[in-house]
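What the coordinates show
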Amino acid sequence: AGARVNNGSVTDPFTCCTGSVPPDTANKTISPLPNPITANPFLKPEKGQTTEAGLVWSPSYIPGLNMSATYWRIGIKSIIAQLGQGDQINLCFNGNSFQCSFIQTNGQPWAVSGVINTALTHTSPTLQTTPQVNLASQVIDGMDYEVSYRFAVNDAIDWGLGGDMTIRTLATNVMKNQTNPGFLGAVITENAGSNGGNTPHWKVFFTQAYDADSWGL
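Residues numbered from 1 in each chain as written. Predicted model: local features only at pLDDT ≥ 70, side-chain atom pairs only at ≥ 80, totals over all residues. Heavy atoms only, no water.

A closer look at the confidence of the model for the protein
This is how the line gets drawn: Summary of the metric used: pLDDT quantifies the predictor's per-residue confidence within the range 0 to 100. Helix numbers and strand numbers start at the N terminus; a helix is a DSSP run of H or I with at least 4 residues, a strand a run of E with at least 2.
Of the residues in the protein, 94% reach a pLDDT of 70 or more, and the chain-wide mean stands at 88. Across the protein, strand β3 (residues 47-57) holds the top mean pLDDT of 97, while helix α4 (residues 153-156) sits lowest at 77.

Below you can see the structure in the form of structure tokens.
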């Protein structure tokens, strides 16, 4: 199957074009601007690394009590993404020859072999190709906490019920959830605890259970 082609539009930051009315105007809107979305044979696999370190404490003088704390970090880099048309042409405007190479005027790319054709950049683009590239990165880290206490019911209330009670609390503190789009001028976003996001700083769960010899609750 061929590339998917969007008929997009872009605001061209370069001055263009001699002979136009008005002449040599920057920030002109080019619409429609055909925008094929293509594969990239030079893509590399995304890379991730997970780090964990924790402590567990079970004091001998309080039988049945267990406490733990675990730090974790997840890092992902070279995330496969694709730039918007505006991001591409703005990077080209700031001297990124790689992005300039995906913009053409009448079949001629604005950059070849890392060299930007400045004359072409001041013409109206007729095609802008958007490949998938390794760009973005994400870092998430936080702490997990757990406290559990298991005891015989008759030790707490001697009603002759028997069985064991387990009380357990789990808490997760997400300290960081940052996404870096990976290109010059991009805004690094922090999603942990942000309004409207799905990653709260804190999540807490509380459970309790009762276990007898042949049944549980």
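Now that the structure has been shown, we can carry on.
Points about the side chain of Asn173
To be explicit about the condition: The buried label goes to any residue with under 20% of its type's maximum accessible area, the exposed label to any with over 50%, and the partly exposed label to all in between, with areas taken from a 1.4 Å probe on protein chains only. Whether two residues touch is decided by their heavy atoms; if any such pair falls within 4.5 Å, the residues are in contact.
Position of Asn173 relative to the elements: it lies in strand β12 (residues 164-180). What makes Asn173 buried here is its relative accessible area of 11%. Residues in contact with Asn173, not counting those within four places in the same chain, are Asp141, Gly142, Met143, Tyr145, His201 and Trp202.

A closer look at the nonpolar core
Where a protein is soluble and globular, its nonpolar side chains tend to be buried together. We count it as follows: As used here, the term nonpolar core means buried Ala, Val, Leu, Ile, Met, Phe, Trp, Tyr and Cys residues forming a set that is joined through side-chain atoms within 4.5 Å.
Listed in full, the 11 residues of the largest apolar core are Val10, Phe14, Ile30, Leu33, Ile89, Cys92, Cys100, Ile103, Trp110, Ala111 and Leu120. Setting aside anything within four residues of it in sequence, one finds Phe14 in contact with Thr25, Ala26, Asn27, Ile89, Cys92, Phe93, Trp110, Thr121 and His122.

Topic: the pairing of strand β4 (residues 65-81)
Filter applied, for reference: Paired strands, as defined in this entry, are two strands with at least two bridges between them according to DSSP.
Judged from the 11 bridges that link them, β3 and β4 form a sheet pairing that is antiparallel. Looking across to β4, one finds that Gln49 is bridged to Gly75. Relative to strand β11 (residues 133-152), β4 is paired through 15 bridges, and the arrangement is antiparallel. Residue pairing in the sheet places Met67 in a bridge with Val147 of β11.

Let's talk about the pairing of β12
In summary, the side chains of a regular strand alternate between the two faces of the sheet. In this structure, β11 lies alongside β12, joined through 16 bridges in antiparallel fashion. Across the sheet, the residue bridging to Met143 is Asn173, located in β12. Sheet topology note: the β12/strand β14 (residues 202-211) ladder contains 10 bridges and is antiparallel. For Thr166, the partnering residue across the bridge sits in β14 and is Ala209. Looking at chain direction, β12 and strand β13 (residues 189-190) are connected through 2 bridges and run antiparallel. By the bridge assignment, Thr179 is partnered in β13 with Thr189.

Considering helix α1 (residues 85-93)
Keep this limit in mind: To be clear, the arc concerns the directions from the helix axis to the C-beta atoms.
Among all positions in α1, only Gln85, Gln88, Ile89, Leu91 and Cys92 are buried. Mapping the buried residues of α1 onto a view down its axis gives an arc of 155°, with all of them on the same face. Gly95 lies just past α1 and shows a positive phi near 100°.

Overview of the environment of Pro109
With respect to the helices and strands, the residue Pro109 is situated in strand β6 (residues 108-109). The spacing of Pro109 and Gly163 is 54 residues in sequence and 77 Å in space, taken between C-alpha atoms. Those residues in contact with Pro109, other than ones at most four positions away along the chain, are Ser101, Ile103, Gln104 and Leu120.

Examining the packing of aromatic side chains
Rules: Aromatic rings from Phe, Tyr and Trp, with only the six-membered ring used for Trp, were paired whenever their centres fell within 6.5 Å, and each pair was classed as stacked if the ring planes differed by under 30 degrees, edge-to-face if by over 60, and tilted otherwise.
Inspection of every chain in the model, using the stated rule, returns 6 aromatic pairs. On the numbers, 5.0 Å between centres and 85° between planes, the contact of Phe98 with Phe102 is edge-to-face. Here the aromatic cluster, defined as three or more aromatic residues joined through ring pairs, consists of Phe14, Phe93 and Trp110.

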